[in-house]
Amino acid sequence: MPKSQVRKKKVYTPPTDVRPTTTTSSSRKPSPVWLPITAVALIVVGIGWLVLYYLSEQEYPVMAWGYWNLAVGFGAMVASLALLSRWR
């Protein structure tokens, strides 16, 4: 039985007008100095707020806010995570 012919396929190259532009890491700017400092400060403030709230038996930092003090403490820590996601 004769052997079938092997077809040679051309290597696919996408059209240049549709090809996505590649961003190199050298074109991206480094983060500003204030970004990690602010993020760490927000983490410390958030943890400090929660610790003060629990140790004072829910009288401090703001007694009128009640359980919203938890939202303030955790909100500060979430805000620091949002900042750290932009850090390069």
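In the block above lies the structure referred to throughout.
A look at a nonpolar patch on the surface
- A surface patch of nonpolar side chains, about 300 Å² in accessible area, is lined by Ile-47, Val-51 and Leu-55.
- Mapped onto the fold, Val-51 is located in helix H1 (residues 34-55).

Considering the environment of Val-51
- Residue Val-51 is classed as partly exposed on the basis of its relative accessible area, which comes to 42%.
- Along the chain, Val-51 and Leu-70 lie 19 residues apart, while their C-alpha atoms are 10.0 Å from each other.

A look at the packing of H1 against helix H2 (residues 68-84)
- Two elements in contact, H1 and H2, have axes whose closest approach is 8 Å; the angle formed by their N-to-C orientations is 160°. Between H1 and H2, the angle falls in the class roughly antiparallel. Read as a crossing pair, H1 and H2 show a hand that is left-handed. Of the residues in H2, those in contact with Trp-34, Leu-35, Thr-38, Ala-39, Leu-42, Ile-43, Gly-46, Ile-47, Trp-49, Leu-50, Tyr-53 and Tyr-54 of H1 are Asn-69, Leu-70, Val-72, Gly-73, Phe-74, Ala-76, Met-77, Ala-79, Ser-80, Leu-83 and Leu-84.
- Residues belonging to the contact of H1 with H2 are distributed by class as follows: 18 nonpolar, five polar and no charged.

Here we look at the side chain of Ser-31
- Secondary-structure assignment places Ser-31 in the segment before H1.
- A polar contact of 2.6 Å, which involves the side chain of Ser-31, links it to the backbone nitrogen of Arg-88.
- Ignoring any residue separated from it by four or fewer positions in sequence, one finds Ser-31 in contact with Arg-86, Trp-87 and Arg-88.

What about the environment of Ile-47?
- On the secondary structure map, Ile-47 appears in helix H1.
- For Ile-47, a relative accessible area of 43% translates into the label partly exposed.
- Spatially, the C-alpha atoms of Ile-47 and Ala-76 are 8.6 Å apart, while their sequence positions differ by 29 residues.

Overview of H1
- Between the first and last C-alpha of H1 there are 31 Å, a value that for 22 residues agrees with the 32 Å anticipated at 1.5 Å per step.
- What H1 keeps buried is the set Leu-35, Ala-39, Gly-46, Leu-50 and Tyr-53. Mapping the buried residues of H1 onto a view down its axis gives an arc of 70°, with all of them on the same face. Turned more than 90 degrees away from the buried face of H1 sit Ile-37, Val-44 and Leu-55, all of them exposed.
- The elements touched by buried residues of H1 are H2.

What counts and how
Residues numbered from 1 in each chain as written. Predicted model: local features only at pLDDT ≥ 70, side-chain atom pairs only at ≥ 80, totals over all residues. Heavy atoms only, no water. Patch = residues over 30% accessible without salt bridge, like charges linked within 9 Å, V, L, I, M, F, W, Y side chains within 5 Å. Areas by Shrake-Rupley, 256 points an atom, 1.4 Å probe, with all protein chains shown as cover. Salt bridge = Lys/Arg side-chain N within 4 Å of Asp/Glu carboxyl O. Helix = DSSP H or I, 4+ residues; strand = E, 2+ residues; numbered from the N terminus. Buried < 20%, exposed > 50% of the residue type's maximum accessible area, 1.4 Å probe, protein only. Axes fitted to C-alpha atoms, helices over the stretch in contact; angles between N-to-C directions. Parallel < 35°, antiparallel > 145°, perpendicular 65-115°, else oblique. Left-handed = near helix turned anticlockwise from the far one by under 90°. Contact = heavy atoms within 4.5 Å. Nonpolar A, V, L, I, M, F, W, Y, C, P; charged D, E, K, R; others polar. Polar contact = N/O pair within 3.5 Å; in protein donor to acceptor, adjacent residues only side chain to side chain. Expected span 1.5 Å × (residues − 1). Arc of directions from axis to C-beta.

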